[in-house]
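# Structural description and commentary
Okay, here's what each chain looks like letter by letter:
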Amino acid sequence: MDYEPVTHTTTDRRLGHFPSGRDISVTVHRYSGGDGPTVFVQAAQHGIELNGPAALRRLHSRLADADLAGSVVAVPVVNPIAFDHRSYLTPEAYDALNSNFNRIWPGDADGSFQERLVAGVWPLVEAADVAIDLHTGTPEMLEHVRFRQSDPTAETLAEAFGTEFLLADDDPIDEADDFTGKFRLAAARAGVPAITAELSNSRTVRRSAVEAGVDGVWNVLCELDVVDDAAEPAAEQRRLRDDAPRVVADDSGLFELRADLGVGDVVEAGDELGAVFDPSSFERLATVTASASGVIYSVARGGVVVAGERIASIATLS
Ligand SMILES: [Zn+2]
């Protein structure tokens, strides 16, 4: 391999402008060494997911002193509008139709306000060999890396990233086949294998989640021989499949999770997960049960629910 000391550049990439005329731009870090693959990494598609940007800041100090065979292109805050509003979604005042940045990839230069912003980022993704999308789930979501079952390169990258839980799905990537506009699927459609890392603890900078992000990206760079180092994934990795039916509330009311349950717990199909109560009459309206046997990877601790709303996600062990 052709390892060479890193050259680091920072550029502002203009994606569009606000109605007032102010520019909307993102900061792009480029770390270039010798010949080798280009790895695209982005964070903060959702404005409250802070452990990705924090991980990229720490990764910067590692990369700046490294010898690379290849390049890393990093966009720490890819959705600055949601970030500045401290909001998961982009405020509807800007784009009521497409407020979720991660449902409109690869964007559209002639589309809605936010589709145009995404289209401005897309050339960086298309030019890469692989892509990593850093997210941060709620405290009630298991830290995991998600990949498409039928993509062996993405699976290898997910393994290398190194979290204990790997979540496979078989989301379609063809437009005719209910394509959702998720970043990872759009990248796959463009021939760029991609993984989604769900670090945990949104709205905060949590040291353990940040370290998982730094180590994860570094491990992927090791796997691709972009850095001359050995990946150190979790000693035991558990493979899950995201194929269980959704666990939804059958009635509207106040949901309480069973006291002894939490993310990472294994449940059997039909196990009671909690109940929905009428907060005024105290009546028990519905019992919520596990839709399949598997691991709870995301769950609402409790709170107001409306009928049909998702309460928990279960992944089956494979
Ligand atoms: Zn997210």
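Residues numbered from 1 in each chain as written. Predicted model: local features only at pLDDT ≥ 70, side-chain atom pairs only at ≥ 80, totals over all residues. Heavy atoms only, no water.

### Quick notes on the overall build of the protein chain
- Along the protein chain, the regular secondary structure elements total six helices and 18 strands.
- Whereas a compact globule of 318 residues would reach a radius of gyration of roughly 20 Å, the protein chain reaches 20 Å, a difference of no more than 12%.
- The 318 residues of the protein chain split such that 50% are buried.
- Counting only contacts in the protein chain whose residues sit at least 6 apart along the sequence, the fraction spanning at least 24 positions is 68%.
- For the protein chain, the accessible surface area stands at approximately 14100 Å², while carbon and sulfur atoms represent 46% of it. (Helix = DSSP H or I, 4+ residues; strand = E, 2+ residues; numbered from the N terminus. Rg over C-alpha atoms; globule rule 2.2 N^0.38 Å. Buried < 20%, exposed > 50% of the residue type's maximum accessible area, 1.4 Å probe, protein only. Contact = heavy atoms within 4.5 Å. Areas by Shrake-Rupley, 256 points an atom, 1.4 Å probe, with all protein chains shown as cover.)

### Topic: helix α4 (residues 152-161)
- For α4, the set of buried residues is Ala154, Leu157, Ala158, Ala160 and Phe161. Viewed along the axis of α4, the buried residues span an arc of 165°, placing them on a single side of the element.
- Taken together, the buried residues of α4 touch β6 (130-136), β7 (144-148), β8 (165-169), β9 (194-199) and α6 (207-223).
- With a side-chain oxygen positioned 3.2 Å from the backbone nitrogen of threonine 153, the residue opening α4 is aspartate 151. (Arc of directions from axis to C-beta. Polar contact = N/O pair within 3.5 Å; in protein donor to acceptor, adjacent residues only side chain to side chain.)

### A word on the nonpolar core
- Ranked by internal contacts, the top residues of the largest apolar core, which has 36 residues, are Leu68, Ile132, Leu134, Phe161 and Ile195.
- If you tally residues by element for this core, the top one is α6, at seven residues.
- In this structure phenylalanine 161 touches Ile132, Leu134, Val145, Ile195, Ala197, Ala212, Gly213, Asp215, Gly216, Val217, Asn219 and Val220, once residues within four positions along its chain are discounted.
- Ranked by size, the runner-up nonpolar core spans 30 residues in total, among them Val26, Val78, Ile81 and Phe183. (Core = buried A, V, L, I, M, F, W, Y, C linked by side-chain atoms within 4.5 Å.)

### Quick look at empty space enclosed by the protein
- All told, the structure shown has one cavity of 30 Å³ or more when counted by the stated rule.
- Lining the largest cavity, in full, are Tyr31, Val41, Leu56, Leu59, His60, Leu63, Val72 and Ala74.
- Of all the secondary structure elements, the ones that give two or more residues to the lining of the largest cavity are α1 (51-64) and β5 (67-75).
- The class makeup of the residues in the lining of the largest cavity is seven nonpolar, one polar and no charged. (1 Å grid on protein atoms, 1.4 Å probe; cavity = no way out; pocket = protein on both sides within 12 Å on 5 of 7 lines; lining within 4 Å. Points joined across faces, edges and corners; volume = space filled by probe spheres on them. Nonpolar A, V, L, I, M, F, W, Y, C, P; charged D, E, K, R; others polar.)

### Structural notes on the layout of surface pockets
- In this structure, the largest pocket spans a volume of roughly 1100 Å³.
- Lining the largest pocket are 40 residues, with Met141, Arg146, Tyr297, Arg310 and Ser313 sitting closest to its centre.
- Per-element tally for the lining of the largest pocket: the top contributor is strand β18 (residues 310-317), with five residues.
- Residue composition of the lining of the largest pocket, by class: 14 nonpolar, twelve polar and 14 charged.
- Looking at which domains feed residues into the lining of the largest pocket, each of domain 1 (4-239) and domain 2 (243-317) gives three or more. (Domains from an automatic or database assignment.)

### Quick look at unusual backbone geometry
- Cis geometry marks the peptide bond from tryptophan 105 to proline 106; its omega dihedral reads 5°.
- Its identity as a non-glycine residue notwithstanding, arginine 203 has a phi of 70°, on the positive side.
- The topology assignment puts arginine 203 in the loop between β9 and α6.
- Backbone geometry places phenylalanine 282, a non-glycine residue, at a positive phi of 70°.
- As for its placement among the helices and strands, phenylalanine 282 is situated in the loop between β14 (272-277) and β15 (284-289).

### Quick word on the coordination of the zinc ion
- Every protein donor of the zinc ion is listed here as His46 (ND1), Glu49 (OE), Glu49 (OE) and His135 (ND1), and their distances to the metal cover 2.0 to 2.3 Å.
- Coordination at the zinc ion is irregular, judged from the four donor atoms that bind it and the angles of 57 to 148° they form at the metal.
- Donor residues for the zinc ion, ordered by position in the chain, follow H-x2-E-x85-H. (Donors = N, O, S within 2.8 Å, 3.2 Å for Na, K, Ca; no water. Tetrahedral: all angles 85-135°; square planar, octahedral: opposite > 155°, others 65-115°.)

### Some details on the environment of leucine 221
- On the secondary structure map, leucine 221 appears in helix α6.
- Assessed through its relative accessible area of 0%, leucine 221 is described here as buried.
- Apart from the residues within four sequence positions on either side, leucine 221 is in contact with Val39, Leu63, Val72, Val226 and Val227.

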